[in-house]
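Chain and residue survey
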Amino acid sequence: MPMLLEVEGLHAAYGASRVLHGIGLSMRAGSVTALLGANGAGKTTTLRALCQMAVRTTGTIRIGGERADGRPTERIVRLGVAHVPDGRGTFLALSTEENLRLGAYGRRDRAGVAEDFERVYGYFPRLRERSGQQAGTLSGGEQQMLAIGRALMSRPRLLLLDEPSFGLAPLVVRDIFEIMRRINAEQGVSILLVEQNAALALDIADSVYLMESGRIVLNGTPQEVRGNDAVRRVYLGG
Ligand code: ATP
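Residues numbered from 1 in each chain as written. Predicted model: local features only at pLDDT ≥ 70, side-chain atom pairs only at ≥ 80, totals over all residues. Heavy atoms only, no water.

The name an unreviewed UniProt entry assigns to the protein is ABC transporter ATP-binding protein, from the organism Variovorax ginsengisoli. As its UniProt record puts it under Sequence similarities (unreviewed entry), the protein is described as follows: "Belongs to the ABC transporter superfamily." (UniProt positions renumbered as here; feature names shortened; annotations may be inferred.)

Okay, structure coming up:
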């Protein structure tokens, strides 16, 4: 399978504060990759750097073989990347449907957009029921569904998901992860998942990167990572 994402020597800084120190990672098309690490390790910054958002970067980023580093964020969206930021980034004053429509911003294929509305409502029936409701009044789980649904409306090849489980009840998290698994299997959308809950991430991922202080310190399959003593101690509680 071809490489969907190839990153080499990625550095990132907020002003004078350097946060990423030469990250390398790659993802095969169709894969689910988990990015784990302690608070402040630089996971969120890595996702921001990949879409060239809010952070200054150097290094090489290739998406589907095309250089993406130094390109404007809209260009990266057109290369097939959709970012679901931490805090979800939904427009709270707009309705569910308006938020989804914004996800399709810039697309001219009306029939395709209509299909994608159906697809998103198919995955998240709750969003259809609440299509006219103001996003700010949705439950936390519904808002996370909306954030993922909005990202899907750009028909991405690669979804960057920042802590989708954050602040949600375990049953809601289970449902959302099951839907992410289906989106990956049925639509072939690749997922780069930042997740505090390592056990959950290892269940869904086929490749795992572990970050510490702005560097990748371990890469392997979930089995390999589970077998690592330090990982078991720090991230898996035992
Ligand atoms: P968490 O799990 O706590 O979200 P993380 O691994 O996602 O952590 P980042 O959010 O990428 O880590 O943060 C990495 C470092 O960059 C931290 O030291 C953080 O304080 C710093 N940082 C993040 N955003 C900014 C910003 N906008 N301006 C300055 N520093 C920032």
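Right, let's get into the nonpolar core. Ranked by size, the top nonpolar core spans 46 residues in total, and within it Leu36, Phe124, Ile148, Leu159, Met180 and Leu193 carry the most contacts. Both domains that furnish three or more residues to this core are identified here as domain 1 (3-80 + 156-235) and domain 2 (89-154). Apart from the residues within four sequence positions on either side, Ile148 is in contact with Val84, Phe124, Leu161, Ile176, Met180 and Ile183. Of all hydrophobic cores here, the second largest spans 29 residues; its members include Leu5, Ala41, Ile63 and Val81. (Core = buried A, V, L, I, M, F, W, Y, C linked by side-chain atoms within 4.5 Å. Buried < 20%, exposed > 50% of the residue type's maximum accessible area, 1.4 Å probe, protein only. Domains from an automatic or database assignment. Contact = heavy atoms within 4.5 Å.)

With that settled, the discussion passes to a nonpolar patch on the surface. Judged by side-chain polarity, Phe91, Leu102 and Tyr105 come together as a nonpolar surface patch covering roughly 370 Å² of accessible area. For Phe91, a relative accessible area of 43% translates into the label partly exposed. (Patch = residues over 30% accessible without salt bridge, like charges linked within 9 Å, V, L, I, M, F, W, Y side chains within 5 Å. Areas by Shrake-Rupley, 256 points an atom, 1.4 Å probe, with all protein chains shown as cover. Salt bridge = Lys/Arg side-chain N within 4 Å of Asp/Glu carboxyl O.)

Turning to the site of the ligand, a few remarks are in order. Within the structure, the ligand sits among 13 residues, and Gly40, Gly42, Lys43, Thr44 and Thr45 are positioned closest to it. A distance of 3.4 Å separates a nitrogen atom of the ligand from a polar atom in the side chain of Tyr14. Burial of the ligand by the protein amounts to 59% of the accessible area it has alone, namely 640 Å². Here the shell around the ligand gets four residues from one element, more than from any other, and that element is helix α1 (residues 43-50). Here the shell around the ligand is composed, by residue class, of four nonpolar, six polar and three charged. (Near = heavy atom within 4 Å. Polar contact = N/O pair within 3.5 Å; in protein donor to acceptor, adjacent residues only side chain to side chain. Helix = DSSP H or I, 4+ residues; strand = E, 2+ residues; numbered from the N terminus. Nonpolar A, V, L, I, M, F, W, Y, C, P; charged D, E, K, R; others polar.)

One open sheet accounts for six strands, arranged β6-β7-β8-β3-β9-β10; its pairing is mixed. The sheet terminates laterally at β6 (81-84) and β10 (215-220), the two strands that pair on one side only. Averaged over all neighbouring strand pairs, the angle between strand axes comes to 15°, with direction disregarded. With five bridges joining them, strand β7 (residues 158-162) and strand β8 (residues 190-194) adopt parallel strand pairing. Following the sheet pairing, Asp162 is matched in β8 by Val194. Against the sheet, α1 makes contact with β3 (32-37), β6, β7, β8 and β9 (207-212), and its axis sits at roughly 150° relative to β7, the strand it touches most. (Pairing = 2+ DSSP bridges. Axes fitted to C-alpha atoms, helices over the stretch in contact; angles between N-to-C directions.)

Here we come to the domain arrangement of the protein. What the domain assignment lists for the protein is domain 1 (3-80 + 156-235) and domain 2 (89-154). If you average the C-alpha positions of domain 1 and of domain 2, the two centres end up 23 Å apart. Taken together, the two surfaces of domain 1 and domain 2 that pack against each other cover about 1200 Å², and 75% of this comes from carbon and sulfur. Counting the contacts that link domain 1 with domain 2 gives zero salt bridges. The tally of links between domain 1 and domain 2 comes to three residue pairs in polar contact (both at pLDDT 80 or more). Considering every element that reaches the side of domain 1 that touches domain 2, the biggest residue donor is helix α7 (residues 170-187), with eight residues. The residue makeup of the side of domain 1 that touches domain 2, split by class, is eleven nonpolar, one polar and three charged. (Buried area = accessible area lost by both parts, 1.4 Å probe.)

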